[in-house]
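# Geometric and topological summary
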Amino acid sequence: MTASTHSPAPLRLLAVHAHPDDESSKGAATMAMYAATGVEVMVATCTDGSRGDIQNPAVEGEAHPKRDMAGARRLEMEQAAKVLGIRQRWLGFTDSGLPEGDPLSPMPAGSFAVQPLERAAAPLVRLVRNFRPQVIISYDENGGYPHPDHIMAHRVAVEAFAAAGDPARYPGTGPAWEPSKLYYDRAFSPERFRALHFALEDAGLRSPYAERLAAWLETDAEGHTPPPGVHATTTQIDCGDFFEARDDALRSHRTQVDPLGFFFAVSAEMQRRVWPWEDYSLIESRVPASSPEEDLFAGLR
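What you see is a predicted model; the values in this text were computed from it and never measured. (Residues numbered from 1 in each chain as written. Predicted model: local features only at pLDDT ≥ 70, side-chain atom pairs only at ≥ 80, totals over all residues. Heavy atoms only, no water.)

### Observations concerning the overall build of the protein chain
Where we set the bar: By the criteria applied, helices consist of DSSP H or I runs no shorter than four residues and strands consist of E runs no shorter than two, each listed in order from the N terminus. His residues and chain termini do not enter the charge count, which takes Lys and Arg as positive and Asp and Glu as negative. A charge is said to be at NZ when it belongs to Lys, at CZ for Arg, at CG for Asp and at CD for Glu.
Along its length, the protein chain carries 10 helices and seven strands. Principal-axis analysis of the C-alpha atoms places the extent of the protein chain at approximately 65 × 50 × 40 Å. For the protein chain, the distance from the average site of its 29 positive side-chain charges to the average site of its 42 negative ones is 7 Å.

See below:
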């Protein structure tokens, strides 16, 4: 009897994000950790980020983003992907921008948020069938926060998860491939913010989370706990060793991220001590799964 030479299929993770920089503020340490262990990790970026405003005062006077925001953000995305050790693909849609005014201004014609669902999802279905991920991560129904492009990113991720394995759907986008697990990212979970807030206060440091927590606590008559999310955390990935990579990836998005701002208010060391995880909700699994989980690939290894 000879030993089998069959090797298990490589593990592949696909994260679906609305704009360049979203991948670095949501689940970046998870992706870097899995990439470092040999998992194939890819980010699908739905839009070009062309309607993003400059958020970093240090970049205000630079000519490139003022002349060509999409081009500047493409270079930033390339650098962030290198930092995280991942691959990235553009789905080819135009940033919708964030509507303003009362009533809200209409979405720009042709932008991502106004596409018919099947047209918006087709490039992602093609990517899923080509890349063949077992795990897909995206946002919840509210888009993580209610930006029209984030909500559409949620919709196309759910559509691709459901449709990519059906050869009758989306003809011409490649051989069918059925992903096994769909997760929603919980980067802005109240539980995490609460833990970091009190750790800062206990250390005698100013917390940037006080206002956000106060707004959440208004929904609790007793004022004790943040409100439960629509989707509870089922899965916590211990990825604290990659918080610095996450922060460096965020800083790569110079037009969008102030290096002295909110995302860097708590040191990586303190975060490792207080909340060394990134949190997810398992929404659908086609393999046996039970919570709590410590691995997005539980049931697949």
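Read on for the rest.
### A word on the packing of aromatic side chains
This is how the line gets drawn: Stacked, tilted and edge-to-face are the three classes assigned to paired rings of Phe, Tyr and Trp, where Trp is represented by its six-membered ring and a pair needs centres within 6.5 Å; plane angles under 30 degrees give stacked, over 60 edge-to-face, the rest tilted. Relative accessibility thresholds used throughout: buried, under 20% of the residue-type maximum; exposed, over 50%; partly exposed, between the two (1.4 Å probe, protein chains only).
Scanning the entire structure with this criterion turns up nine aromatic pairs. Plain terms: the ring middles of phenylalanine 93 and phenylalanine 112 are 5.0 Å apart, the flat faces sit at 40 degrees to each other, and that makes the pair tilted. On the criterion of sequence distance, the pair formed by phenylalanine 93 in strand 3 (residues 87-93) and phenylalanine 112 in the loop between strand 3 and helix 5 (117-131) is long-range, its members being 19 residues apart. On the basis of an interplanar angle of 80 degrees and a centroid distance of 5.7 Å, the ring pair of phenylalanine 262 and phenylalanine 263 is categorised as edge-to-face. Relative accessible area serves as the criterion here: at 30%, phenylalanine 262 is assigned to the partly exposed category.

### Topic: helix 6 (residues 148-163)
Note the threshold: Take the residue count of a helix, subtract one, and multiply by 1.5 Å to get its expected span.
For helix 6, with 16 residues, the first-to-last C-alpha span of 22 Å sits near the 22 Å given by 1.5 Å per residue. Of all 16 residues in helix 6, 12 are buried; the element is thus mostly enclosed. Residues Pro148, Asp149, His150, Met152, Ala153, His154, Val156, Ala157, Glu159, Ala160, Phe161 and Ala163 constitute the buried set of helix 6.

### Some points on empty space enclosed by the protein
Heads up, the condition is: Definitions used throughout: a 1 Å grid over protein atoms alone; a cavity as a set of points that fits a 1.4 Å probe which cannot get out; a pocket as an open set with protein on both sides within 12 Å along at least five of seven lines; a lining residue as one with an atom within 4 Å of a point. Grid points are joined across faces, edges and corners, and a volume is the space filled by probe spheres set on the points. All residues other than Ala, Val, Leu, Ile, Met, Phe, Trp, Tyr, Cys, Pro, Asp, Glu, Lys and Arg, Gly among them, are scored as polar; the first ten of these are nonpolar and the last four charged.
Counted by the stated rule, this structure contains one cavity of 30 Å³ or more. Considering only enclosed or pocket space, the largest cavity measures out at about 260 Å³ in volume. Secondary-structure elements contributing two or more residues to the lining of the largest cavity are helix 7 (190-202), helix 9 (243-252) and strand 7 (277-285). Tallying contributions element by element places strand 7 first for the lining of the largest cavity, with four residues. Residues belonging to the lining of the largest cavity are distributed by class as follows: 13 nonpolar, three polar and seven charged.

### Overview of the nonpolar core
We apply this condition: Buried Ala, Val, Leu, Ile, Met, Phe, Trp, Tyr and Cys residues form a nonpolar core when they are joined through side-chain atoms within 4.5 Å. The criterion used for residue contact is that any of the two residues' heavy atoms lie within 4.5 Å.
One finds Leu13, Met31, Tyr34, Val41, Ile86, Leu296 and Phe297 to be the most contacted residues of the largest nonpolar core, which totals 30 residues. Listed by contribution, the elements that provide at least two residues to this core are strand 1 (12-17), helix 2 (28-36), strand 2 (40-47), helix 4 (69-84), strand 4 (135-138) and helix 9. No other element matches helix 2, which puts seven residues into this core. Isoleucine 86 has contacts with Met31, Ala35, Val41, Val43 and Ala81, leaving out every residue within four places of it along the chain.

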